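The residues making up each chain are set out below.
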Amino acid sequence: MQNAEQRTDTVKKMQYLSKPGMSRFAALCLSAFLLTGGCSGTATDVPPPEDAELLPGGATTTSILPFPALDKMADNLPAELKADFYAGRALAEQPWVKAPTITTARDGLGPVYNARACLACHIRGGKGRLPDDSNTPLFNVFLRLSIPADKGQSVDETLGVIPEPTYGDQLQTQSIALAHQLRRDTPDNIAAQGDVAPEAYVYIEWEKSTFTYPDGQQAELRQPSVDIRYPAYGALHPHTLMSLRNAPAIHGMGLLELIPQRDINALADPDDSNHDGISGRINQVWDAVQQKSVPGRFGLKANRPNMDMVVASAFANDIGISNPLFPQQPCTDNQPACARQINGNGEPGFELPAALMQLVTDFSRNLAVPERRDASDPQVHQGRTLFYQSGCQTCHQPSYTTGDSAEFPHLANQKIWPYSDLLLHDMGAGLADKRPDFLASGSEWRTPPLWGAGLLGRVNGSNSYLHDGRARSIEEAILWHGGEATAVRQNFIHLTKTERQALIKFVESL
Ligand code: HEC
Ligand code: HEC
């Protein structure tokens, strides 16, 4: 037993020991040792491996062979839904065309848009690709735009931002004009000729820097600086806020949608009441179906509530296909040539009927999660222990059980391993886009799931991690963690090189 004096001394030691730089596990272990004279080792902190971890998507989990892809069908999809899955894939994969055409089911592209198909950005279900050079315009990564609210000005509840007055809340870098399709002219010139021009072209300049670990090892980092060229409809607002967003991978979406909201609420700690330096907040976003604000969980800032809203807004804004939830064309009031174009509207008054949109939404819901690789490799096992000891799982919440679903019984009641709390975290100045999105601040991002993260390069050649695709490897992604993740990043950088490699190998095996 300790007397009062000894205990105060112990508390002081603990405060000193749990300063940033000291792994939380080590601090816990030491404090246990100082208080009780013993430390029970990793067993208390690191949950023992479960067989279920090998099937991260539960019964939807599929083999990645022969060609790794993240747009494969859920392994347990009932036979009677398979034809719909393939129909949905066709609508997500084949390029949309300008109206009018004889194939009315596939026309209505634009007039301004970012890409012609869902899978042009979410390539084979994985992430988008960013050019390495500064002369290739961006076509599968886009910019969200807005302007800051003046004092007392209210933000449109349905958009969550105040859109840039001329260009709206998303910059469309393509249009149906032939001069653009053939890359014969720049957007500003195309507009000057009275044709419907892309809003602008966007280029990236990569700024490189070197990070040095405490052990002297080095890693190269890069961060994008965005260059908007040839704006076609006049200058942007001088205070325009811009957020560069790479397309995330889209497997397992139906499972994430079925995580009970109460389980996510239980992880939130908006005021950091447990004082671990990590909060975790829930965004409140617009649901056009229910016509009210509800908790967000999809999108890089958790800016969409459910798959219906994700897919309907992607059709409307990314491809320019109007639909039941977003019946308008993507033209702003300052783009008369855009508004004059022939639309592809069918009977109901928009381009994509509800039934076809449903096929694409269900296709996205039913994308399989890939099975674990290399889980029995001793290095991966060591990495798993280090992942937990470093504190990665505080935000990258390993597992859930999906709720009941009458509509999608094959996705219901599955034990899944996405490694995300789906909450917003302040990730520090280095990752901040300074553009609020509904309740998310300019430095908050939603924890992305890590399942399949190690496959991205093999799926489509794009290892572009983080919201803007700046990180070319899992190591670079970790090194950019700041803000609430600062102490955990410190734990990572103080590991030995071999330990860091093991932790990364574990993430790659998910
Ligand atoms: C021009 C590129 C582009 C196109 C085309 C596109 N997306 Fe996306 N998608 C993105 C980006 C970028 C995001 C992240 C948006 C954000 O956070 O604001 C995203 C987000 C998503 C998400 C949410 C993923 C998550 O982890 O929460 C899903 C699902 C999705 N898209 C599906 C689709 C579907 C289905 C289509 C076709 C109707 C489509 N996308 C078309 C770029 C694109
Ligand atoms: C405070 C919460 C938090 C902690 C702790 C944390 N992360 Fe993250 N992580 C995030 C958020 C939020 C992002 C997205 C940031 C962005 O896109 O700018 C992210 C992104 C990532 C990515 C990139 C994923 C992708 O698809 O782009 C990887 C890999 C990653 N984290 C691994 C780790 C590892 C390994 C650890 C432990 C060493 C860790 N994280 C600790 C919140 C956290």
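Scroll up a little and you will see the structure.
Undergrad: Tell me about the site of ligand 1, residues and numbers included.
TA: What surrounds ligand 1 is a group of 29 residues, the closest being C118, C121, H122, R144 and L300. R144 places a side-chain nitrogen or oxygen 2.7 Å from an oxygen atom of ligand 1. At 3.1 Å, a side-chain N or O of N303 approaches an oxygen atom of ligand 1. If you list the elements that add at least two residues to the shell around ligand 1, you get helix 4 (118–121), strand 2 (141–146), strand 7 (241–246), helix 9 (307–319) and helix 11 (354–365). If you tally residues by element for the shell around ligand 1, the top one is helix 9, at seven residues. Its residues assigned to classes, the shell around ligand 1 shows 18 nonpolar, seven polar and four charged.

Undergrad: Explain the coordination of the iron atom of ligand 1 to me, and be specific about the residues and the numbers.
TA: What the protein offers the iron atom of ligand 1 as a donor is a single atom, H122 (NE2), at 2.0 Å. Here H122 lies in the loop between helix 4 and strand 2.

Undergrad: Quick rundown of the packing of aromatic side chains? Include the residues and the values.
TA: Enumeration according to the criterion identifies 13 aromatic pairs in this entry. Between Y167 and Y233, the ring centres sit 6.1 Å apart and the planes meet at 65°, which makes this aromatic pair edge-to-face. One end of the pair, Y167, is in the loop between strand 2 and strand 3 (170–171); the other, Y233, is in the loop between strand 6 (218–229) and strand 7, with 66 residues separating them in the sequence. Among the residues examined, Y167 registers a relative accessible area of 1% and is labelled buried. With centroids separated by 6.2 Å and ring planes inclined at 85°, the aromatic side chains of Y419 and F506 adopt a geometry described as edge-to-face. Separated by 87 residues along the polypeptide, Y419 in the loop between strand 11 (415–416) and strand 12 (424–426) and F506 in helix 16 (residues 497–508) bring together distant segments of the chain.

Undergrad: Break down the sheet that holds strand 2 for me, with residues and values.
TA: Strand pairing in a sheet relies on backbone hydrogen bonds, with the paired strands running either antiparallel or parallel. Read from one edge to the other, the open sheet built from three strands follows the order 3-2-7, with strand pairing classed as antiparallel. Looking at the sheet topology across the chains shown, the edges are occupied by strand 3 and strand 7. As judged from the two bridges shared by strand 2 and strand 3, these two strands associate in the antiparallel manner. Across the sheet, residue L143 finds its bridge partner in strand 3, namely L171.

Undergrad: Can you explain the coordination of the iron atom of ligand 2? Please cite residues and give values.
TA: Of the protein atoms, only H396 (NE2) and H481 (NE2) coordinate the iron atom of ligand 2, at distances of 2.0 to 2.1 Å. For the iron atom of ligand 2, the six donor atoms are set out with angles of 86 to 180° between them, so the coordination reads as octahedral. One end of the pair, H396, is in the loop between helix 12 (378–390) and strand 10 (400–401); the other, H481, is in the loop between helix 14 (474–480) and helix 15 (486–493), and 85 residues separate them in sequence.

Undergrad: Break down the site of ligand 2 for me, citing the residues and quoting the values.
TA: Near ligand 2, the surroundings consist of 25 residues, among which K127, C392, C395, H396 and H481 are the closest. Between ligand 2 and the protein, one listed contact pairs an oxygen atom with a backbone N or O atom of L466 at 2.7 Å. Elements supplying a minimum of two residues to the shell around ligand 2: strand 13 (444–446), helix 14 and helix 16. At three residues, helix 14 tops the list of elements feeding residues into the shell around ligand 2.

Undergrad: Help me get a handle on the side chain of K301, residues and values and all.
TA: Mapping K301 onto the fold places it in the loop between strand 9 (292–295) and helix 9. At a separation of 2.8 Å, a polar atom in the side chain of K301 contacts the main-chain carbonyl oxygen of S441.

What counts, and where the lines are drawn
- Residues numbered from 1 in each chain as written.
- Chains lettered and ligands numbered in written order.
- Predicted model: local features only at pLDDT ≥ 70, side-chain atom pairs only at ≥ 80, totals over all residues.
- Heavy atoms only, no water.
- Near = heavy atom within 4 Å.
- Polar contact = N/O pair within 3.5 Å; in protein donor to acceptor, adjacent residues only side chain to side chain.
- Helix = DSSP H or I, 4+ residues; strand = E, 2+ residues; numbered from the N terminus.
- Nonpolar A, V, L, I, M, F, W, Y, C, P; charged D, E, K, R; others polar.
- Donors = N, O, S within 2.8 Å, 3.2 Å for Na, K, Ca; no water.
- Phe/Tyr/Trp six-rings, centres within 6.5 Å; stacked < 30°, edge-to-face > 60°.
- Buried < 20%, exposed > 50% of the residue type's maximum accessible area, 1.4 Å probe, protein only.
- Pairing = 2+ DSSP bridges.
- Tetrahedral: all angles 85-135°; square planar, octahedral: opposite > 155°, others 65-115°.

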